[in-house]
Amino acid sequence: VLSHNLCTVLNVPHDPVALEEHFRDDDEGPVSNQGYMPYLNKFILEKVQGNFDKVEFNRMCWTLCAKKNLSKSPLLISDEDAFKVWVIFNFLSEDKYPLIIVPEEIEYLLKKITEAMGAGWQQEQFDHYKIALNTSREGLSAWELIELIGSGQFSKGMDRQTVSMAINEVFNELILDVLKQGYMLKKGHKRKNWMERWFVLKPNIISYYVSEDLKDKKGDIILDGNCCVEALPDKDGKKCLFLIKCLDKTFEISASDKKKKQEWIQAIQSTVSLLRAGSPPPHKEARQRRRELRQKLLAEQEELERQMKELQAANENKQKELETVRKQLEAAAARAAEEEKKRLQTQVELQDRFSLELEREKMVRQKMEEQVAQKSSELEQYLQRVRELEEMYKQLQEALEDEKQARQDEETVRKLQARLLEEETAKRAELEKWHLQQQQTIQMTEAEKQELENQRMMKEQALQVAMQQLKQLELERKEALEQYEEVKKKLEMAANNTKSWKDKVAHHEGLIRLIEPGSKNPHLITNWGPAAFTEAELEERQRSWKGKKATSE
């Protein structure tokens, strides 16, 4: 029965033999989805040509499902209005099963119904409803939409008739493709009389009826891209005239007022323009744009979610990398702490070593101080000797033997000079040794540099002290040389004043003894201590003395 009725409504020939053949060996049964849906697609839907009444088809489908799914609670709309809302739902719903209508399409439909009722749209009220709807699901089913409109939530203050008329107007526009409708006067082609007709404008045709119940159809005006509409001046007592020109006929129509005339002219011109451009009706084009916009937004949202997932994955990878870096830093910190511990231990060892070096340096400085004290004692002895010489020079001023004593003093001064030179050479060697030690100290590590710098400063101070001592000894040596020159001058003066050296020697015998060359032994001793001359120099001096002695005799 279902297949026969579907074939009747869709204008498809029914084939009972194919039905019997299809379900002959099917254990699932004809009412199951696995058994009936392949038959429906193959033997019925594939044969549909499109020349059927869609309203009747929708009404049959409504008959099959309304009784089971329609809410039992009382609604403010009739069953007919509920059927029209159901058909509108099928037009506006998404192209995926189970069918739902998204909040954007619900808002569009409610706005259309509210405008048809002549009421104001409550955007804030719908926003609250939309927020509550989005938190629970993506959209509404057909029966939930019928219950929403039938509850009167968005049509408060309106009676049932107004709501029904609004639903019917929206149904005519969205489902029946009615772009405009209304009463106007039409001039006949044969009798040339004016008759009131109910005109209905659709995307490619204008139908006119006796009344708005659409029961008695009087004719059609076929529209195409070649049609045009133009206004006419008032004539024959008729006002608000306009003309519709087609290929085969021309229609003169009179509107009720200038506003209606202008609306009809604009509506027909827009329809013809759409036919010329091959565009769908405005409401279908708007639905397609809304769907494309939703798909675009959905794609952007999916892309954004994908990017968020990528960012989250990248963030997780970064977190893992940061954790790895943190562990590496902790390990590096542990190694650094261990190295710092070793460094501190090394530093302590170096400090101990430097302390030992410092003690050693202190001992060296103490030895140097002892040497300086010894040198001071020797210098004091030397000064004492000088004073003795001065006394002796005073006793021998008028004596020729003073020259001999002066010779001895000269030898003493030379010995002292040689000793001072030796001391200066030793000091220079010690300075060079300290300089080498300083160069070795500079080559140490940076960690030891500061401590060694302090030691170097101490050594430099000691070096400066030694340099001062050396300069002092140099000054003393110069003074000794000056004294030596003075002694030579005095000896020359004494030589000039004396007449006989033997007399002076005899006169001063007992005070001094003649200085004679020493033995040829390696160690030469004079009356002033170890000799400051070599054996060759002593032999030369001995020959000189003997020559002077022979000359004086």
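Residues numbered from 1 in each chain as written. Predicted model: local features only at pLDDT ≥ 70, side-chain atom pairs only at ≥ 80, totals over all residues. Heavy atoms only, no water.

K.L.:
Just checking my understanding: could you explain the pairing of strand β1 (residues 180-187) for this structure?
P.N.:
The side chains of a regular strand alternate, first on one face of the sheet and then on the other. Strand direction decides the pairing type here: β1 and strand β2 (residues 194-202), joined by 8 bridges, are antiparallel. The residue bridging glutamine 181 from the neighbouring strand is valine 200, located in β2. The antiparallel pairing of β1 with β2 creates a hairpin that spans 6 residues between the two strands, and lysine 192 there sits at a positive phi of about 60°. Across 2 bridges, β1 lies against strand β7 (residues 250-254) in antiparallel orientation. Counted as the bridge partner of lysine 186 is isoleucine 253 from β7. (Pairing = 2+ DSSP bridges. Helix = DSSP H or I, 4+ residues; strand = E, 2+ residues; numbered from the N terminus.)

K.L.:
Any chance you could explain the pattern of salt bridges here in plain terms?
P.N.:
Summed over the entire model, instances satisfying the criterion amount to 26 salt bridges. A salt bridge links lysine 112 to glutamate 173; the nearest nitrogen and oxygen atoms lie 2.8 Å apart. Taken as a pair, lysine 112 in helix α6 (residues 103-117) and glutamate 173 in helix α9 (residues 160-174) lie far apart in primary sequence, 61 residues in all. Taking relative accessible area as the criterion, lysine 112 reaches 18% and is therefore assigned buried. The residue lysine 235 makes a salt bridge to glutamate 252 at a minimum N-O spacing of 3.7 Å. Of this pair, lysine 235 sits in the loop between β5 (228-232) and β6 (241-245) while glutamate 252 sits in strand β7, placing them 17 residues apart in sequence. According to the relative accessible area criterion, glutamate 252 is buried, its value standing at 18%. One connected set of salt bridges, linked through shared partners, spans Glu94, Glu105, Arg290 and Arg294. (Salt bridge = Lys/Arg side-chain N within 4 Å of Asp/Glu carboxyl O. Buried < 20%, exposed > 50% of the residue type's maximum accessible area, 1.4 Å probe, protein only.)

K.L.:
Looking at this model, I keep getting lost on the nonpolar core. Mind explaining?
P.N.:
In terms of nonpolar packing, the biggest core is built from 39 residues, with Trp62, Trp86 and Ile146 touching the most fellow members. Those elements that provide at least two residues to this core are α4 (54-69), α5 (79-92), α6, α7 (123-136), α8 (142-150) and α9. When residues in this core are grouped by element, the largest group, 9 residues, is from α5. Contacts of isoleucine 146, omitting those with residues within four sequence positions, involve Trp62, Leu70, Leu75, Ile77, Ala82, Val85 and Trp86. Among the nonpolar cores identified, the runner-up in size contains 21 residues, and Cys227, Phe242, Ile244 and Val272 belong to it. (Core = buried A, V, L, I, M, F, W, Y, C linked by side-chain atoms within 4.5 Å. Contact = heavy atoms within 4.5 Å.)

K.L.:
Hey, could you run me through the side chain of arginine 291 in this one?
P.N.:
Along the chain, the position of arginine 291 falls in helix α11 (residues 282-395). The buried category is assigned to arginine 291, whose relative accessible area is 9%. Only 3.4 Å separates the side chain of arginine 291 from the backbone oxygen of phenylalanine 91, close enough to count as a polar contact. Apart from residues lying up to four places away in sequence, arginine 291 is in contact with Phe91, Leu92, Ser93 and Asp95. (Polar contact = N/O pair within 3.5 Å; in protein donor to acceptor, adjacent residues only side chain to side chain.)

K.L.:
What is the right way to read the packing of aromatic side chains from this model?
P.N.:
In this description, a pair of aromatic rings is defined by centroid distance and the angle of the planes. Taken as a whole, this structure holds 13 aromatic pairs when the rule is applied. Arranged with centres 4.8 Å apart and planes meeting at 70°, the rings of tyrosine 183 and tryptophan 198 form a pair that is edge-to-face. Of the two residues, tyrosine 183 is situated in strand β1 and tryptophan 198 in strand β2; the sequence distance between them amounts to 15 residues. Aromatic ring contacts, followed pair by pair, group Trp62, Phe83, Trp86 and Trp143 into a single cluster. The ring centre of tyrosine 108 lies 3.7 Å from the NZ or CZ of arginine 290, which sits over that ring. (Phe/Tyr/Trp six-rings, centres within 6.5 Å; stacked < 30°, edge-to-face > 60°. Lys NZ or Arg CZ within 6 Å of the ring centre and 35° of its normal.)

K.L.:
It is not clear to me how a nonpolar patch on the surface should be interpreted in this structure. Could you clarify?
P.N.:
On the surface, Leu304, Met308 and Leu311 cluster together to form a nonpolar patch covering roughly 320 Å² of accessible area. The topology assignment puts methionine 308 in helix α11. (Patch = residues over 30% accessible without salt bridge, like charges linked within 9 Å, V, L, I, M, F, W, Y side chains within 5 Å. Areas by Shrake-Rupley, 256 points an atom, 1.4 Å probe, with all protein chains shown as cover.)

K.L.:
What should I look at first to understand the layout of surface pockets in this one?
P.N.:
To find the voids left in a structure, one rolls a probe of water-molecule size over its atoms. Quantified by volume, the second largest pocket comes out at close to 630 Å³. What lines the second largest pocket is a set of 19 residues, among which Glu94, Val102, Glu104, Arg294 and Leu298 lie closest to the centre. At the level of secondary structure, the elements contributing two or more residues to the lining of the second largest pocket comprise α6, α7 and α11. When residues in the lining of the second largest pocket are grouped by element, the largest group, 9 residues, is from α11. (1 Å grid on protein atoms, 1.4 Å probe; cavity = no way out; pocket = protein on both sides within 12 Å on 5 of 7 lines; lining within 4 Å. Points joined across faces, edges and corners; volume = space filled by probe spheres on them.)

K.L.:
Before we go on, may I ask you to explain the confidence of the model for the chain in this structure?
P.N.:
The predicted coordinates ought not to be read in detail in places where the model reports low pLDDT. Across the chain, pLDDT averages 82, with 89% of residues at or above 70. Scored below 50 in pLDDT, residues 509-516 makes 13 contacts in the model with residues more than four places away or belonging to other chains. (pLDDT = per-residue confidence, 0-100.)

K.L.:
Mind showing me how you'd approach empty space enclosed by the protein here?
P.N.:
Applying the stated criterion across every chain, the model contains 4 cavities of 30 Å³ or more. There is about 190 Å³ of room inside the largest cavity. Forming the boundary of the largest cavity are 14 residues, of which Glu378, Leu379, Tyr382, Leu416 and Leu420 lie nearest the centre. Counting only elements with at least two residues in the lining of the largest cavity, the list comes to α11, α12 (401-442) and α13 (446-497). Among the residues forming the lining of the largest cavity, the class breakdown is 5 nonpolar, 2 polar and 7 charged. For the second largest cavity, the calculated volume is near 80 Å³. (Nonpolar A, V, L, I, M, F, W, Y, C, P; charged D, E, K, R; others polar.)

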